[in-house]
Amino acid sequence: MKQGKGIPAFAGIAVGKVCLLQRNRPIDTTGSGDPQQEQESFARACKEADAQLEQLAEHARKDLGEEQVMILEVQQMMLQDQDFLDNVTVKIRKGASAAQAALDAGKECSAEFAALDDEYMKARAADIQDIARRLAAILSNQDAISLPEPAIVLAEDLGPSETIQLPRENILALVTKQGSTNSHTAILARTLNIPSLVQTEIELSPELAGRQMAVDGFTGTYTLDPDEQTIKALNACRNAQSQKVRELEAWRGKPSVTQSGKTVRIYANIGNVEDAKAAMCGDAEGIGLLRSEFLYLGREDYPNEQELYTAYRSVVDTMQGKPVIVRTIDIGADKRADYLGLKEEENPALGERGIRFCLGREDVFCTGLRAIYRAAAGGPVSIMFPMIASAWEVEKARSICESVEAELTAQGIAHGKPEIGVMIETPAAAICSEQLAQMVDFFSVGTNDLTQYLLAADRQNAAVMPYCDPHHPAVLNMLAYIAESAHKAGIWAGICGELAADPQLTERFLKMGFDELSVAPGEVLALRKRVCESEV
Ligand code: PEP
Ligand code: MG
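If you're wondering where the values come from, they're calculated on a predicted model, not measured in any experiment.

Basis of the calculations
Residues numbered from 1 in each chain as written. Chains lettered and ligands numbered in written order. Predicted model: local features only at pLDDT ≥ 70, side-chain atom pairs only at ≥ 80, totals over all residues. Heavy atoms only, no water. Helix = DSSP H or I, 4+ residues; strand = E, 2+ residues; numbered from the N terminus. Rg over C-alpha atoms; globule rule 2.2 N^0.38 Å. Areas by Shrake-Rupley, 256 points an atom, 1.4 Å probe, with all protein chains shown as cover. Lys, Arg positive; Asp, Glu negative; His and termini not counted. Charge placed at Lys NZ, Arg CZ, Asp CG, Glu CD. Phe/Tyr/Trp six-rings, centres within 6.5 Å; stacked < 30°, edge-to-face > 60°. Lys NZ or Arg CZ within 6 Å of the ring centre and 35° of its normal. Near = heavy atom within 4 Å. Polar contact = N/O pair within 3.5 Å; in protein donor to acceptor, adjacent residues only side chain to side chain. Nonpolar A, V, L, I, M, F, W, Y, C, P; charged D, E, K, R; others polar. Buried < 20%, exposed > 50% of the residue type's maximum accessible area, 1.4 Å probe, protein only. Domains from an automatic or database assignment. Contact = heavy atoms within 4.5 Å. Buried area = accessible area lost by both parts, 1.4 Å probe. Salt bridge = Lys/Arg side-chain N within 4 Å of Asp/Glu carboxyl O. Pairing = 2+ DSSP bridges. Axes fitted to C-alpha atoms, helices over the stretch in contact; angles between N-to-C directions. Donors = N, O, S within 2.8 Å, 3.2 Å for Na, K, Ca; no water.

Along the backbone of the protein chain there are 19 helices and 16 strands. Taking 24 Å as the expected radius of gyration for a compact globule of 536 residues, we find that the protein chain reaches 24 Å, a close match to that expectation. Across its three principal directions, the C-alpha atoms of the protein chain cover 80 × 65 × 40 Å. Carbon and sulfur atoms make up 51% of the accessible area of the protein chain, which totals about 22,300 Å². Across the protein chain, the mean location of the 53 positive side-chain charges is 4 Å away from that of the 78 negative side-chain charges.

Within this structure, the stated rule accounts for four aromatic pairs. A ring pair is formed by Y302 and Y339, whose centres lie 4.7 Å apart and whose planes are at 80°; its orientation type is edge-to-face. Taken as a pair, Y302 in the loop between β10 (287-291) and α10 (305-318) and Y339 in the loop between β11 (324-327) and α11 (355-360) lie far apart in primary sequence, 37 residues in all. Above the plane of the ring of W492 lies R265, whose end atom (NZ or CZ) is 4.6 Å from the centre. Directly above the aromatic system of Y309 lies the positively charged group of R374, at a separation of 4.2 Å from the ring centroid.

What follows covers the site of ligand 1. Taken together, the neighbourhood of ligand 1 is formed by 17 residues, with R291, R327, G446, N448 and R459 sitting nearest. A distance of 2.7 Å is found between an oxygen atom of ligand 1 and a side-chain nitrogen or oxygen belonging to R327. At 3.0 Å, a backbone N or O of T447 approaches an oxygen atom of ligand 1. When residues of the shell around ligand 1 are traced back to their parent elements, those giving at least two are α7 (184-191), β10 and α16 (447-455). Considering every element that reaches the shell around ligand 1, the biggest residue donor is α16, with three residues. In the shell around ligand 1, the residues fall into four nonpolar, five polar and eight charged.

Assignment of secondary structure puts E112 in helix α4 (residues 98-114). Exposure remark for E112: the relative accessible area of 53% places this residue in the exposed category.

We now examine the domain arrangement of the protein chain. Taken as a whole, the protein chain is organised into domain 1 (2-24 + 145-247), domain 2 (35-139) and domain 3 (252-533). Inter-centroid distance (C-alpha atoms) of domain 1 to domain 3 is 28 Å. Residue-level contacts link 20 residues of domain 1 with 22 residues of domain 3. Contact between domain 1 and domain 3 buries roughly 1,800 Å² in total, counting both sides, with carbon and sulfur atoms accounting for 56%. When the buried area of domain 1 at its contact with domain 3 is split by residue, N182, H184 and T191 rank highest and sum to 32% of it. Linking domain 1 with domain 3 are two salt bridges. Residue R190 is joined to E498 by a salt bridge in which the shortest nitrogen-to-oxygen separation is 2.4 Å. There are four residue pairs in polar contact (both at pLDDT 80 or more) connecting domain 1 and domain 3. Taken together, the elements giving at least two residues each to the side of domain 1 that touches domain 3 come down to β2 (7-10), α6 (160-163) and α7. Ranked by the residues each element gives to the side of domain 1 that touches domain 3, the list is headed by α7, at five residues.

Here we take up the sheet that holds strand β7 (residues 212-216). Pairing within the open sheet is mixed, and its eight strands lie in the order β1-β8-β7-β3-β4-β5-β6-β2. Each having just a single partner strand, β1 (2-5) and β2 make up the two edges of the open sheet. The sheet shows a mean angle of 30° between the axes of neighbouring strands, taken without regard to direction. Relative to strand β6 (residues 196-198), strand β5 (residues 171-176) runs parallel, the two sharing two bridges. Looking at the pairing, V175 lines up with L197 of β6. Helix-sheet contacts for α7 involve β2, β5 and β6, and the interaxial angle to β2 is about 55°.

With that settled, consider the coordination of the magnesium ion (ligand 2). Within the first shell, the magnesium ion (ligand 2) binds the protein through E425 (OE) and D449 (OD), at distances of 2.0 to 2.1 Å. You can see E425 sitting in the loop between β13 (419-424) and α14 (427-431) and its partner D449 sitting in helix α16, a full 24 residues away along the chain. Both residues of the pair, E425 and D449, count as buried.

Next up on the list: the environment of A111. Along the chain, the position of A111 falls in helix α4. Judged by its relative accessible area of 46%, A111 is partly exposed. With 14 residues separating them in the primary sequence, A111 and A125 have C-alpha atoms 6.7 Å apart.

For the structure shown, the criterion picks out 28 salt bridges. Between R299 and E307 there is a salt bridge, with the nearest N and O atoms lying 3.1 Å from each other. For R299, a relative accessible area of 8% corresponds to the buried category. R374 is paired through a salt bridge with E305; the nearest N and O atoms lie 2.7 Å apart. Note that R374 is positioned in helix α12 (residues 362-375) and E305 in helix α10, a separation of 69 residues in sequence. E305 gets classed as buried once you look at its relative accessible area, which sits at 18%. Overlapping salt bridges, with partners in common, bring together E293, R327, D330, K335, R353, D449 and R459 in one network.

With respect to the helices, strands and loops of the structure, E405 is situated in helix α13 (residues 391-410). Setting aside residues no more than four positions away along its own chain, E405 makes contact with Y373, H415 and K417.

Strands sit in the order β9-β10-β11-β12-β13-β14-β15-β16 around a closed barrel of eight strands; the barrel is parallel. With direction set aside, neighbouring strand axes in the sheet form an average angle of 25°. Note: strand β14 (residues 442-445) against strand β15 (residues 492-495), four bridges, orientation parallel. Directly across from V445, in β15, lies its bridge partner I495. Seen against the sheet, α12 touches β11, β12 (381-385) and β13 and runs at an angle of roughly 155° to β12. Contacting β13, β14 and β15, helix α17 (residues 473-488) runs over the sheet at an angle of about 150° to β15.

In structure tokens:
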């Protein structure tokens, strides 16, 4: 038994086998030197790759949309492509290892696809490379991003696009050596109620794969090969926690009103349709932040308007008339995908992210906006722009919204008329909040970014975590000022950053006059209890 510490990113207990994700290890292409053995290994790898793709497709069917499913199905078909298979066989016969043969054949087939005139076939070049990499990774015993059975995921670090590719039903816990509690991966873990530790002391090595691990997301402790006594103690803790969760049920369906009669709306933060169901189960009064960019991550190409519309409309329908605030894509910084063609930037958090990306890529922005406007025909939808720093950005974004609306009207396509708000998450937006309040219908404060930009402390960087303190007076004073600016202009203000769920600050936010707090679906009832018990 071996114990170690980390920082809890989401509380909870998990016991299970370790699934080690070490994707950046170089692929070992040595092989056995025996062509027949290599050919057999290759056949087994093809079967395993097919099973992985099937699992990803199943996940995509639930959460992502038809186009993504099709990409995976096409990849499955490519696994049976005779030219590719023959090419691998020839290379193995000539003495290459199965992994090397797969990589080389993948490169050659991919070049052939890329040279074709048909745009669709051209685009398949990336798929064949992907398949080849998957096969080589399986052959060199590297875990691909797949989780065939429930396990504790252990990794150096996990990006949001990697996390969303994992089948959530099989993630018992997330344990990373790096990471921070405000990273998007930690936020995802909270949304999904997955116990999670970051910055653990663990030394990653291949021999950890498959070993038993216990994770205590309350104390931030992990135990490798836990003994019976440890498991018993953790189970007792889990039972006590379940009891607390059951007690919170008393607050389900109750209005969120303080002892002195102040009402605050308690909404949920989500990233996709499945999370909307969790928000309803958690008794959220609406969606305070739909992180649209998650619809763009973990895929090979842009979602089209219809896919986006289907996703937004499903969220709207799931929420059954409760308000849904859709944030336009906040891509960039740690939220990346190859097809987006984001430039390498020295300081991506200060780079072309959020509204800056959208204003530079109007085609992408408009496709998303059309889908949102159309979904708004089905229920109360608002639009919110991320990373606003200047009034001209709001003017420009609003004018693009107006053109999109006019275009839909001219085309006779059903749509709604969403209210428009901005996230206040840059110091500039906070300082200019009186001016911005004149231009929009509401504010929602992104305390995760506001904290990092105010304190000049990267929210992703474990080394500066003590400096990225959201309780810093600069952050709290700024929050009070933002609420005041909103109310002076007669608009409402909410908080959708992680701080909204901080139990130490609920009273303070109520005193500041915030009208809405948006938290992870699983945190709604606990927050309502604190609101209802408050004297404010
Ligand atoms: C924030 O910055 O607080 C926020 C809610 O947005 P994100 O965490 O997605 O950057
Ligand atoms: Mg933000």
